[in-house]
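Examining the three-dimensional arrangement
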Amino acid sequence: MSGRKGTYVKSIRVAVAAAAVVAAMTACSSPMQAGAAAVVGNERISMSKLNADTQAYLAALKKAQLDESALGVPANQAVLQRLVNVSVSNQLLDRHNVQVTETEIDNALKDPGQFQSPEINLLANGVAPSDARAYARAMVGLTKLQQQFGGQAGQEKLIQEFSSIKPIFNPRFGQLNGQRSQENPALFVDTGRFGKLTLQAQPAQG
């Protein structure tokens with residue numbers, strides 16, 4: 001698909017996507033909190049939150065007449081990566097006192113990014129409708145934070161900051177994939193009880 005990319009989409013594609021790979025590759029291996037899917041800095045992402053968000057996300061995909069296989073990864077991995085990204089982003093915004101207005105969130109949610117609609121843009125990023133505002137706030141905030149660091153020149157600083165908060169994943173998901181790419185975008189090499197790993201290439205993103 002082609003089309004313009006909004007500012008918050010650029011931020012997630014250029015800075016966060018790269019940093020998320022680094023964060024996953026350097027994730028800590030300390031003991032998990034009971035019932036946690038991941039611990040990200042000072043925030044615990046519960047298994048119940050992940051499961052509920054995944055079900056909501058799958059329902060949104062079905063409503064949009066999209067299939068989970070188009071993601072290139074199992075839906076729970078796409079949702080978990082998004083939850084981790086938003087958690088890291090929010091902690092960075094708090095750390096640097098970045099404020100995002102409701103109007104800025106509203107405008108971000110109208111942006112279709114590189115896709116045909118804002119709804120598809122959100123689904124492509126693992127976002128269920130119920131989490132849209134939280135996701136948009138994080139992405140707008142990252143764009144503002146990069147500008148605070150120095151615009152385009154602040155991209156490297158943003159990646160460094162993003163990578164400084166290392167997620168700890170529940171080992172039940174399997175081994176982290178240290179060679180993530182478009183051809184093999186899965187967060188984990190072995191998804192264990194969560195189903196067979198999907199290695200389909202993601203749709204072109206620009």
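Below is a short write-up of the structure. Predicted model only: the values in this text are computed from it and were never measured.

Let's talk about the pairing of strand β1 (residues 36-40)
- Among the five residues that make up β1, five are buried, leaving the element largely enclosed by the rest of the structure.
- Of the pairings in the sheet, the one linking β1 to strand β2 (residues 43-46) comprises four bridges and is antiparallel in character. Bridge pairing in β2 places A38 opposite I45.
- Counting the residues that bridge the hairpin from β1 to β2 gives two residues, and of these G41 lies at a positive phi of roughly 60 degrees.
- Relative to strand β3 (residues 167-169), β1 is paired through three bridges, and the arrangement is antiparallel. When the bridges of β3 are listed, V40 appears paired with P167.

Let's talk about the sheet that holds β2
- Read from one edge to the other, the open sheet built from three strands follows the order β2-β1-β3, with strand pairing classed as antiparallel. Strand pairing shows two members of the sheet lacking a second neighbour, β2 and β3, which therefore form its edges. The mean inter-strand angle of the sheet, taken between neighbouring strand axes irrespective of direction, is 20 degrees.
- Across the sheet, helix α2 (residues 47-63) is in contact with β1 and β2; its angle to β2 comes to roughly 55 degrees.
- Contacting β1, β2 and β3, helix α3 (residues 75-95) crosses the sheet at an angle of about 30 degrees to β1.

Side note on the packing of α2 against α3
- Remark: α2 packs on α3, axes separated minimally by 9 Å, with the N-to-C direction vectors making an angle of 115 degrees. Between α2 and α3 lies a crossing whose hand is right-handed. Contact with α2, carried on its side by K49, L50, D53, T54, Y57 and L58, involves A75, N76, V79, L80, R82 and L83 of α3 and no other residues of that element.
- Taken together, the residues that form the contact of α2 with α3 break down as seven nonpolar, two polar and three charged.

Overview of unusual backbone geometry
- Phi at Q65 takes a positive value of approximately 60 degrees, unusual for a residue other than glycine.
- Relative to the elements of secondary structure, Q65 occurs in the loop between α2 and α3.
- Non-glycine residue N97 carries a positive phi angle of around 55 degrees.

What about the pattern of salt bridges?
- What the rule picks out here adds up to nine salt bridges.
- For K49, the salt bridge identified is with D131, shortest N-O distance 3.5 Å. Within this pair, whereas K49 is found in helix α2, its partner D131 is found in the loop between α5 (118-124) and α6 (132-149), the two being separated by 82 residues in sequence.
- Judged by relative accessible area, D131 falls into the buried class, the value being 9%.
- Between R95 and E161 there is a salt bridge, with the nearest N and O atoms lying 3.0 Å from each other. Of this pair, R95 sits in helix α3 while E161 sits in helix α7 (residues 155-163); the two residues are 66 residues apart in sequence, bridging distant segments of the chain.
- It is possible to trace a salt-bridge network through shared partners that takes in K49, D53, R82 and D131.

What counts as what
- Per chain, residue numbering runs from 1 following the sequence as it is written.
- Owing to the predicted nature of the model, reporting of local features is limited to residues with pLDDT of at least 70; listing and counting of side-chain atom pairs is limited to 80 or more, with chain, interface and lining totals taken over all residues.
- Hydrogens and water are ignored here; the side-chain numbers use all heavy atoms of the structure.
- Whether a residue is buried, partly exposed or exposed follows from its accessible area with a 1.4 Å probe, protein chains only, as a fraction of its type maximum: under 20%, in between, or over 50%, in that order.
- Strands are runs of DSSP state E lasting at least two residues, helices are runs of H or I lasting at least four, and both sets are numbered from the N terminus onward.
- Pairing between strands is defined by DSSP: at least two bridges between the two strands are required.
- Simply put, an axis is a line fit to the C-alpha atoms, just over the touching stretch for a helix, and the angle between two N-to-C directions goes from 0 to 180 degrees.
- By definition in these notes, contact holds between two residues if any of their heavy atoms fall within 4.5 Å.
- Note on convention: the crossing is left-handed when the near helix lies turned anticlockwise from the far helix by less than a right angle, right-handed when the turn is clockwise.
- When residue character is reported, Ala, Val, Leu, Ile, Met, Phe, Trp, Tyr, Cys and Pro are called nonpolar, Asp, Glu, Lys and Arg charged, and the others, Gly included, polar.
- Whenever a carboxyl oxygen of Asp or Glu lies within 4 Å of a side-chain nitrogen of Lys or Arg, that contact is scored as a salt bridge.

Distances and angles like these do not, on their own, reveal function.
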